[in-house]
Amino acid sequence: MSLWFKRKEKGIQTSTEQKKDTPKGLWYKSPTGKIVESDELAKNFYVSPEDDYHVRIGSKEYLEILFDDNTFKELDAKLTSKDPLKFVDTKKYSDRLKAAQKKTGLKDAVKTAVGKSLGKDLVVACMDFSFIGGSMGSVVGEKIARAIDYSIKNKIPFVMISKSGGARMMEAALSLMQLAKTSAKLAQLAEIKVPYISLCTDPTTGGTTASYAMLGDINISEPGALIGFAGPRVVKEATGKELPEGFQTAEFVLEHGFLDFITHRKELKTKINLYIDLIENNPIRK
């Protein structure tokens with residue numbers, strides 16, 4: 001009796017034309033070990049359905065979530081960074097910029113746009129961590145300032161989505177100046193009573209936290225996001241104390257009064273527009 005599982009002929013008989021490649025990025029594994037199909041993850045707003053882990057996403061995905069039919073006009077799309085200090089660390093800053101642009105397809109670490117969200121105009125500035133750690137340089141500050149100017153001129157609510165490691169060291173003091181510039185623009189926005197909603201995502205740290213990320217009329221975050229100024233290791237070394245469990249998570253920051261709400265990603269569009277309607281005393285949109 002011949003056994004069905006024994007190969008009668010040696011070698012693989014499938015022709016090259018019939019062989020199928022396994023698609024790259026077919027699966028995603030969350031930090032808790034849960035595995036989910038990439039397509040399913042995208043349909044679920046890039047949130048792992050089993051453990052509710054919010055996967056880091058970029059401006060492309062956030063704009064798709066917030067704008068109706070993913071339709072919007074990008075603002076200042078061609079603005080790019082220079083290298084005024086001729087900065088060099090392990091490589092030239094100019095080379096680092098070119099590499100980041102080639103790798104990500106982005107011009108810099110923030111994208112700004114205007115479009116309809118639940119039928120009403122909205123200006124959104126969204127940071128990209130994939131571009132040099134979402135670091136805040138002169139272009140990031142200038143694009144955010146111009147987006148706020150657009151909101152001021154047209155009296156359109158402004159949303160800032162922060163995701164950043166902080167100020168960009170390769171631009172030194174020029175980078176730190178963006179904290180003051182963006183904060184001053186937000187003060188002008190507040191003067192004319194146009195709503196500003198700040199969304200902190202994972203991670204929101206450094207100069208970003210010290211400026212526009214914490215200046216919203218309403219400050220919100222996604223679950224589990226890291227939010228702080230200095231990192232936990234630096235804080236621990238500076239204070240010489242053991243840090244509490246969950247230190248600098250969105251939940252910890254909410255409990256200590258630095259956030260107003262934690263909002264699940266699938267509810268972002270609805271909640272942001274709800275807050276805007278409440279601030280403007282308008283009928284609630286569904």
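All of the points below concern the structure found in this document.

What counts and how
Residues numbered from 1 in each chain as written. Predicted model: local features only at pLDDT ≥ 70, side-chain atom pairs only at ≥ 80, totals over all residues. Heavy atoms only, no water. Pairing = 2+ DSSP bridges. Helix = DSSP H or I, 4+ residues; strand = E, 2+ residues; numbered from the N terminus. Core = buried A, V, L, I, M, F, W, Y, C linked by side-chain atoms within 4.5 Å. Buried < 20%, exposed > 50% of the residue type's maximum accessible area, 1.4 Å probe, protein only. Contact = heavy atoms within 4.5 Å. Salt bridge = Lys/Arg side-chain N within 4 Å of Asp/Glu carboxyl O. Axes fitted to C-alpha atoms, helices over the stretch in contact; angles between N-to-C directions. Parallel < 35°, antiparallel > 145°, perpendicular 65-115°, else oblique.

### Regarding the sheet that holds strand β8 (residues 218–221)
Sheet strands associate in pairs through backbone hydrogen bonding, adopting either a parallel or an antiparallel arrangement. One open sheet holds the seven strands; their spatial order is β3-β4-β5-β6-β7-β8-β9, and the pairing between them is mixed. Two strands close off the open sheet at either side, each with one partner strand: β3 (72–75) and β9 (261–262). Here β3 pairs with strand β4 (residues 110–117) via four bridges, running antiparallel. For Lys-73, the partnering residue across the bridge sits in β4 and is Val-114.

### Considerations on the nonpolar core
Ranked by size, the top nonpolar core spans 27 residues in total, and within it Val-140, Ile-144, Phe-158, Met-160 and Tyr-212 carry the most contacts. Contributions of two or more residues to this core are made by α3 (93–104), β4, β5 (120–127), α4 (138–154), β6 (158–164) and α5 (172–191). Residue contributions to this core peak at four residues, all from α4. Apart from residues lying up to four places away in sequence, Tyr-212 is in contact with Met-127, Met-136, Val-140, Ile-144, Met-160, Ser-162, Thr-182, Leu-186, Tyr-196 and Ser-198. Residues Ile-65, Phe-67, Ile-197 and Ile-272 belong to the second largest nonpolar core, which totals 20 residues.

### So, the pattern of salt bridges
Evaluation of the coordinates by the stated rule reveals 14 salt bridges. Between Asp-89 and Arg-96 there is a salt bridge, with the nearest N and O atoms lying 2.7 Å from each other. Given a relative accessible area of 30%, Asp-89 falls into the partly exposed group. Measuring nitrogen to oxygen at the nearest pair gives 2.8 Å for the salt bridge that ties Lys-181 to Glu-142. Taken together, the residues span a long stretch of sequence, with Lys-181 in helix α5 and Glu-142 in helix α4 at a distance of 39 residues. When its relative accessible area of 25% is taken as the criterion, Glu-142 is described as partly exposed. Taken together, the salt bridges that share partners define one network made up of Asp-76, Glu-142, Arg-146 and Lys-181.

### A closer look at the packing of helix α2 (residues 59–66) against helix α9 (residues 268–280)
Where α2 meets α9, the axes come as close as 8 Å, and the angle between the chain directions of the two elements is 65°. As far as their axial angle goes, α9 and α2 are roughly perpendicular. Listed contacts from α9 to Tyr-62, Ile-65 and Leu-66 of α2 are Leu-268, Lys-269 and Ile-272.

### Some remarks on unusual backbone geometry
Both trends apply: most residues other than glycine have a negative phi, and most peptide bonds are in trans. Here the bond from Asp-202 into Pro-203 is cis, since omega is -5°, no more than 30 degrees from zero. Inspection of the secondary structure puts Pro-203 in strand β7 (residues 196–204). The backbone phi angle of Leu-118 is positive, close to 50°, even though this residue is not glycine. With respect to the secondary-structure elements, Leu-118 resides in the loop between β4 and β5. Accessibility expressed as a relative area gives 24% for Leu-118, which makes it partly exposed. In this structure, Ala-172 takes a positive phi of about 45° despite not being glycine. By the secondary structure assignment, Ala-172 is in helix α5.

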